[in-house]
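Given next are the chains, with one letter for each unit.
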Amino acid sequence: PHPCTVRPPPAAGTPHGPSAAAGAGGAMADAPEGNGAAGSSGGAPARRAPSDYLRTALLGRAVVVRLNNSLEYRGVLSSMDPFLNLSTEQTEEYENGQLKARYGDAFIRGNNVLYISPQD
């Protein structure tokens, strides 16, 4: 699984760890049902990964992308991958709040991203 995947906590009273829930063959078929995990019939809302929010709520919208070196890029988020590599359109580069450059399209490597926020 991807390291950023949000998983529900184990149910109370169940052993922790994948080897305990998986049978001797390593399959999850022996895991108890109705343990309060997301997607069960307990009525709790299903948990979503942060990347789901980025894809559904921010894709195609104006965003602010702050990098680890304090640069900000503002533009329309056009695509992203599981590593948080981003593609933006109509992109502007800001340093210390001042516009430094304008780009048509920009590609931002995910390991440089500090945060992504909807643009106000």
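Please read all numbers here as calculations on a predicted model, not as lab measurements.

1. Points about unusual backbone geometry
Logical step 1: With a phi close to 70°, Leu84 is a non-glycine residue in the positive phi region.
Logical step 2: Structurally, the position occupied by Leu84 is in the loop between strand 2 (72-80) and strand 3 (86-95).
Logical step 3: According to the relative accessible area criterion, Leu84 is partly exposed, its value standing at 24%.
Logical step 4: Notably, Asn96 is not glycine yet its phi reads approximately 55°, a positive angle.
Logical step 5: By the secondary structure assignment, Asn96 is in the loop between strand 3 and strand 4 (98-108).
Logical step 6: Taking relative accessible area as the criterion, Asn96 reaches 73% and is therefore assigned exposed.

2. Examining the nonpolar core
Logical step 1: Val65, Leu67, Leu86, Ile108, Val113 and Ile116 are the most contacted members of the largest nonpolar core, which totals 13 residues.
Logical step 2: Counting only elements with at least two residues in this core, the list comes to helix 2 (50-58), strand 1 (62-67), strand 2 and strand 5 (113-118).
Logical step 3: Among all residues touching Val113, those that are not within four sequence positions of it are Val65, Arg66, Leu67, Asn68, Leu84, Leu86 and Ile108.

3. Quick look at the pattern of salt bridges
Logical step 1: Counting across every chain of the model gives 3 salt bridges.
Logical step 2: Note that Glu92 and Arg102 form a salt bridge whose closest N and O atoms lie 2.6 Å from each other. Linking Glu92 in strand 3 with Arg102 in strand 4, this pair joins segments that are 10 residues apart in sequence.
Logical step 3: Sharing partners across several salt bridges, the network here consists of Arg66, Glu72 and Arg74.

4. What about the sheet that holds strand 2?
Strands belonging to one sheet form pairs held by backbone hydrogen bonds; the direction of such a pair is parallel or antiparallel.
Logical step 1: Taken together, 5 strands build an open sheet; the order of strands is 4-3-2-1-5 and the sheet is antiparallel. Two strands in the sheet have a free side with no partner beyond their single neighbour: strand 4 and strand 5. On average, each strand axis in the sheet is tilted by 25° relative to the strand beside it, whichever way the strands run.
Logical step 2: As paired strands, strand 1 and strand 5 are joined by 5 bridges and run antiparallel to one another.

5. Concerning the confidence of the model for the protein chain
Logical step 1: Taken as a whole, the protein chain shows an average pLDDT of 75; of its residues, 63% reach a score of 70 or greater.
Logical step 2: Model confidence for the protein chain, summarised as mean pLDDT per element, is weakest for helix 1 (residues 18-21) at 46 and strongest for strand 1 at 96.
Logical step 3: A low-confidence stretch, residues 1-6 (pLDDT under 50), is modelled with 7 contacts involving residues beyond four sequence positions or located in other chains.
Logical step 4: Residue range residues 17-39 is modelled with pLDDT below 50. Its contacts to residues more than four positions away, or to other chains, number 13 contacts.

6. Side note on the packing of aromatic side chains
Logical step 1: Within this structure, the stated rule accounts for 0 aromatic pairs.
Logical step 2: A cation over a ring is seen here: Arg74 above Tyr94, with NZ or CZ 4.2 Å from the ring centre.

7. Focus: the environment of Ile116
Logical step 1: Its location among the elements puts Ile116 in strand 5.
Logical step 2: Of the residues examined, Ile116 reaches a relative accessible area of 18% and is grouped as buried.

8. Some words on the pairing of strand 3
Logical step 1: Among the 10 residues that make up strand 3, 7 are buried, leaving the element largely enclosed by the rest of the structure.
Logical step 2: By the bridge criterion, 7 bridges tie strand 2 to strand 3 in an arrangement that is antiparallel. Pairing of Arg74 across the sheet is with Glu92, part of strand 3.
Logical step 3: Pairing of strand 3 with strand 4, which is carried by 9 bridges, proceeds in the antiparallel orientation. Each bridged residue has a counterpart across the sheet, and for Leu86 the counterpart in strand 4 is Ile108.
Logical step 4: Linking two consecutive strands that pair antiparallel, namely strand 3 and strand 4, is a turn of 2 residues; a positive phi of about 55° is found at Asn96 within it.

About the thresholds
- Residues numbered from 1 in each chain as written.
- Predicted model: local features only at pLDDT ≥ 70, side-chain atom pairs only at ≥ 80, totals over all residues.
- Heavy atoms only, no water.
- Helix = DSSP H or I, 4+ residues; strand = E, 2+ residues; numbered from the N terminus.
- Buried < 20%, exposed > 50% of the residue type's maximum accessible area, 1.4 Å probe, protein only.
- Core = buried A, V, L, I, M, F, W, Y, C linked by side-chain atoms within 4.5 Å.
- Contact = heavy atoms within 4.5 Å.
- Salt bridge = Lys/Arg side-chain N within 4 Å of Asp/Glu carboxyl O.
- Pairing = 2+ DSSP bridges.
- Axes fitted to C-alpha atoms, helices over the stretch in contact; angles between N-to-C directions.
- pLDDT = per-residue confidence, 0-100.
- Phe/Tyr/Trp six-rings, centres within 6.5 Å; stacked < 30°, edge-to-face > 60°.
- Lys NZ or Arg CZ within 6 Å of the ring centre and 35° of its normal.

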